[in-house]
Structure formats: structure tokens, C-alpha cells
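# Remarks on the overall topology
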Amino acid sequence: MSVEIILIILSSLVVFSYLFDLVAKQFKIPSVILLLLSGIGLHYLSDLFKFPAPDFAPILPLVGTIGLILIVLEGALELKIEKHNLGLIKRSSGSAFFILIFTSLSLTFFYYLINGEDFRTILINAIPLGIISSAIAIPSARVLSPERKDFIVYESSLSDIFGVILFNFMLTNQVVNGNSFLRLGWQTVLILIISGLFCLALLYLLKRITHHLKFFLIIAMLILIYAIGKYYHLPTLVIVLAFGLFLNNLHWINNPVFSRIFAYENFTKDLTQLTQLSGESAFIVRTFFFLIFGFTLNVESLFHLDILRNGLIIIAIIYLIRIIYQKIFIRSATLAEYFLAPRGLISILLFFSIPEDLKLKGLGDGLLFFVILATSVIMTLGFFTIKKKPAEPSQQKVVDTPVQH
């Protein structure tokens, strides 16, 4: 295949993804569904016209990891921490943590009934489907009110972080005991210290770099620190979230020494450009990740009776736990939020990270795709329960009345 044909295909895919994004906003349909279906369609077209298709499986985790970093950064750069929303942050943190734990343990019990493996092996396989996908939830939450959108951004980002921490914790500990939790404790403290130092260092770089190319350098350093931490099984996704929150909430720091060293005149302009760049980069990476994932799927496996049965039970567990928790603890949650629990990028990444000797039989790509597609469809149906807000008084038609003298 010539270079020109490849360029035509790649650029066309980006254009179609942009159109999908417009359709998603207009009709409340997550663009991820359209991207997955497009990937499946491209697979059938390549078979039909006998185009040589490369093996995308090795690059899927790479693209997904970069996408995860950019999506969490994009979401964090949009969040402002104010006194009035501290309660919202606490509630979203509790929701992310407890729903993850309850869902993962419930799925573990279900997997035990059908596989009968040991607890650690089953839990490792259950955790990926216990995590809300920020890659799908954050873009989809735009249709909610600003406060509920912020809740979803915090909840899904923290669900990713808590899920990665729990997954690595189970993967690196053959036996869970007191020493395991002690090691997790000092790793968490270490990563929080590194997060603070790294945020200050990057802010200083933003001030000092005069070269016109500096934002990709910042993103590259974020990816570098994430990869180094990931290699040593540290939860470095916390650093990405902390950096975005730090930049967008500098108004909390009123120290004159800090202002003298780190503050500079063009910060607001740089923050706007970094936010725009991370958003557009996340869009491109997310586009190709879900297209590639759809391309590599075996669609015929979806029609196996075992996958349909197990997938429906998993979905029932996911939504039952979410609805019960939010009914009890998140009274302000809307009906649409009950069904906003998509599985996606992070589930795929963690699933592919499970060593072959720990993977459960019968829980392959087909079941993963079924759950991802079904949760996205259910989320879409939930969005149709959102009522349009009435027009603001200033936007309503004003009828002139004669002035009485």
C-alpha cells in the first residue's frame, strides 16, 4: 500500500472521528460506539478487498496508555477546586473507591462460581471491569450540568487511579499481608511527594522556557514520569491528575515567595494553550485507540451463548451496585448518572496486562468487548432522560409594555 493511500486513510479517519464527535454532542451518542463500529467495518472491508492488515495488537497498549494520560490531564485541567465544591470532591472520591471495591468483589464472587480459581487470580481478572472508564465518561459528561459534570470527571479519574493501584497491588503481591499494605502506604506517600515536586518543577519550566515549542515537552515529561513509575509499579497516574489540578488552582497559593519564583505574566495564556493542546491530542489518540480495538475484535465471538449470558450478568452487577450506592450516598445524582458507568480504555489496558498464566478461561476479548459496548449503549439511553433546560430569562422574548406616567 502506497504512502499516499495510507495518508488518505488516516486523515479520513480523523475527519470522520470529528464528525462522530459532533453527532455525539447533538444526539447524546458516545462517539466511542461509532469509533468501535467503524473499526469493525474497516476490518470487514480489508477482508473483502483483501488488503494486507498489519498486526495492531502490540501497539494497542502503547496507544491506550498515552491516551489515558492525555485524557486524565485534559479532565484535570478543566477542574477548579473551590470551597463550595469540596463536598462534591469528597463524595466523588467515596463513590469511585467504594463502587470499585464492591463491584470488583461481586465480580470476583461471580467468576469464582463459573471458574473456581483462587481468590487472587479471580480478583486480578475482575478489577478491569470494576473501573469506570474516564476515556468515555469525561467526554460524555458534557451533556450534564456543570456540577454533575465535575462529579463525573473526579469520579471516573479517581476510579482509574484507584483501579490501577488495586490491580498493581494484587499483581505484585503473591500473598496479601501486613507488609503488603505497609509497602503500599510508603509508595502512596512517596508518589504524593513526587507529585508535589514534579508540579513545581514543571511550573518553573513553563515560566523559564522561552522557546515556542514547550507544551509537548511538558506532556513528554509527564509521559516519562508515568512510564518510569509504571515500570516500578507505582501509581504515577496520580501525578498526571495532580499536575492538572495544580495548574488550574494556583489561586489557592498566596505565598509571596512562591509568587516571586513561579508566577509570571503569560501563565493564563499558557494554561489555555496547554489545555487546548492536551484536549486535541487526547482526541487524536482516543480516535485511533478505539478504531484499532474495533479492528482487532472477533465479532463472531459476541454471539456465543456463554459470552451473552456472562456479559449480561456482569452488566447487571455493575449497574445494581452503582444504583444502590448512589441512591443511598449520592442523593443529588441524576437518573442519567445511574447509567453513566462505561467500561473502556482502562479496562482494555489492564486486561491486556494480565499475565497469560493468570488469565481465566472464558473471559476473553469477546466478553470484554460485549461489556464495553453494552455499557456505552446503556449510558446513551440514560442520556435521553436528561431534560432540556428552559431558556434563561434574558434569552426569552421580551414584550414591551407602555410606561405609566
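Every value quoted in this text rests on a predicted model; they were computed, and no experiment measured them. (Residues numbered from 1 in each chain as written. Predicted model: local features only at pLDDT ≥ 70, side-chain atom pairs only at ≥ 80, totals over all residues. Heavy atoms only, no water.)

### What to know about the layout of surface pockets
- Its volume calculated, the largest pocket comes out at about 560 Å³.
- What lines the largest pocket is a set of 19 residues, and nearest its centre among them are Ile 9, Leu 13, Leu 42, Phe 56 and Phe 295.
- Mapped onto the lining of the largest pocket, the elements with two or more residues apiece are helix 1 (3-27), helix 2 (31-48) and helix 12 (267-296).
- The class makeup of the residues in the lining of the largest pocket is 18 nonpolar, one polar and no charged. (1 Å grid on protein atoms, 1.4 Å probe; cavity = no way out; pocket = protein on both sides within 12 Å on 5 of 7 lines; lining within 4 Å. Points joined across faces, edges and corners; volume = space filled by probe spheres on them. Helix = DSSP H or I, 4+ residues; strand = E, 2+ residues; numbered from the N terminus. Nonpolar A, V, L, I, M, F, W, Y, C, P; charged D, E, K, R; others polar.)

### Structural notes on the nonpolar core
- Grouped together as the largest cluster of nonpolar side chains are 125 residues, with contacts concentrated most on Tyr 111, Phe 243, Leu 247, Phe 293 and Ile 314.
- Ranked by residues supplied to this core, first place goes to helix 7 (residues 146-172) with 13 residues.
- With residues near it in sequence (within four places) discarded, Phe 293 still touches Leu 36, Leu 60, Ile 348, Phe 352, Leu 368, Phe 369 and Ile 372. (Core = buried A, V, L, I, M, F, W, Y, C linked by side-chain atoms within 4.5 Å. Buried < 20%, exposed > 50% of the residue type's maximum accessible area, 1.4 Å probe, protein only. Contact = heavy atoms within 4.5 Å.)

### Structural notes on the packing of helix 3 (residues 60-76) against helix 15 (residues 345-353)
- With their axes 10 Å apart at the nearest point, helix 3 and helix 15 run at an angle of 140 degrees to one another. The angle between the axes of helix 3 and helix 15 places the two elements in the oblique class. Our pair here, helix 3 against helix 15, has a crossing hand that is left-handed. Contact residues: helix 3 offers Leu 60, Pro 61, Gly 64, Thr 65, Gly 67, Leu 68 and Ile 71, while helix 15 offers Leu 345, Ile 346, Ile 348, Leu 349 and Phe 352.
- Of the residues belonging to the contact of helix 3 with helix 15, the class tally is nine nonpolar, three polar and no charged. (Axes fitted to C-alpha atoms, helices over the stretch in contact; angles between N-to-C directions. Parallel < 35°, antiparallel > 145°, perpendicular 65-115°, else oblique. Left-handed = near helix turned anticlockwise from the far one by under 90°.)

### A closer look at the packing of aromatic side chains
- Enumeration according to the criterion identifies 15 aromatic pairs in this entry.
- Note on Phe 246 and Phe 258: the rings are 6.5 Å apart at their centroids and 90 degrees apart in plane angle, and the pair reads as edge-to-face. Placement of the pair is Phe 246 in helix 10 (residues 237-248) and Phe 258 in helix 11 (residues 256-262), with a sequence separation of 12 residues.
- Since its relative accessible area comes to 14%, Phe 258 is described here as buried.
- For the pair Tyr 319 and Phe 339, a centre-to-centre distance of 6.1 Å together with 45 degrees between the ring planes defines the contact as tilted. One end of the pair, Tyr 319, is in helix 13 (residues 305-329); the other, Phe 339, is in the loop between helix 14 (335-338) and helix 15, and 20 residues separate them in sequence.
- Taking the relative accessible area as the measure of exposure, Phe 339 reaches 25% and is therefore partly exposed.
- An aromatic cluster is present here, built from Phe 97, Phe 98, Phe 102, Phe 162, Tyr 325 and Phe 329 joined pairwise through their rings.
- Across from the ring centre of Phe 151, 4.7 Å away, lies the NZ or CZ of Arg 148, which sits over that ring. (Phe/Tyr/Trp six-rings, centres within 6.5 Å; stacked < 30°, edge-to-face > 60°. Lys NZ or Arg CZ within 6 Å of the ring centre and 35° of its normal.)

### Some thoughts on helix 1
- The end-to-end C-alpha distance of helix 1, which contains 25 residues, comes to 36 Å, matching closely the 36 Å that a straight helix rising 1.5 Å per residue would cover.
- Looking at helix 1, one finds that the buried residues are Leu 13, Ser 17, Phe 20, Asp 21 and Ala 24.
- In the core, the buried residues of helix 1 are packed alongside helix 2 and helix 12. (Expected span 1.5 Å × (residues − 1).)

### Observations regarding a nonpolar patch on the surface
- Judged by side-chain polarity, Val 15, Phe 16, Tyr 18, Leu 19 and Leu 22 come together as a nonpolar surface patch covering roughly 490 Å² of accessible area.
- Tracing the backbone shows Tyr 18 in helix 1. (Patch = residues over 30% accessible without salt bridge, like charges linked within 9 Å, V, L, I, M, F, W, Y side chains within 5 Å. Areas by Shrake-Rupley, 256 points an atom, 1.4 Å probe, with all protein chains shown as cover. Salt bridge = Lys/Arg side-chain N within 4 Å of Asp/Glu carboxyl O.)

### Some points on the confidence of the model for the protein
- Scored by pLDDT, the protein comes out at a mean of 83, with 95% of its residues at no less than 70.
- Residue range residues 390-405 is modelled with pLDDT below 50. Its contacts to residues more than four positions away, or to other chains, number one contact. (pLDDT = per-residue confidence, 0-100.)

### Observations concerning the pattern of salt bridges
- A full pass over the atoms with the stated rule returns five salt bridges.
- For Arg 148, the salt bridge goes to Glu 337, with nearest N and O atoms at 2.7 Å. Taken together, the residues Arg 148 in helix 7 and Glu 337 in helix 14 connect sequence positions 189 residues apart. Glu 337 shares its class with Arg 148; the two are buried.
- Salt-bridge contacts for Arg 322 lead to Glu 155; the nearest nitrogen and oxygen are separated by 2.9 Å. Of the two residues, Arg 322 sits in helix 13 while Glu 155 sits in helix 7, which places them 167 residues apart along the sequence. When sorted by exposure, Arg 322 lands in the same class as Glu 155, which is buried.

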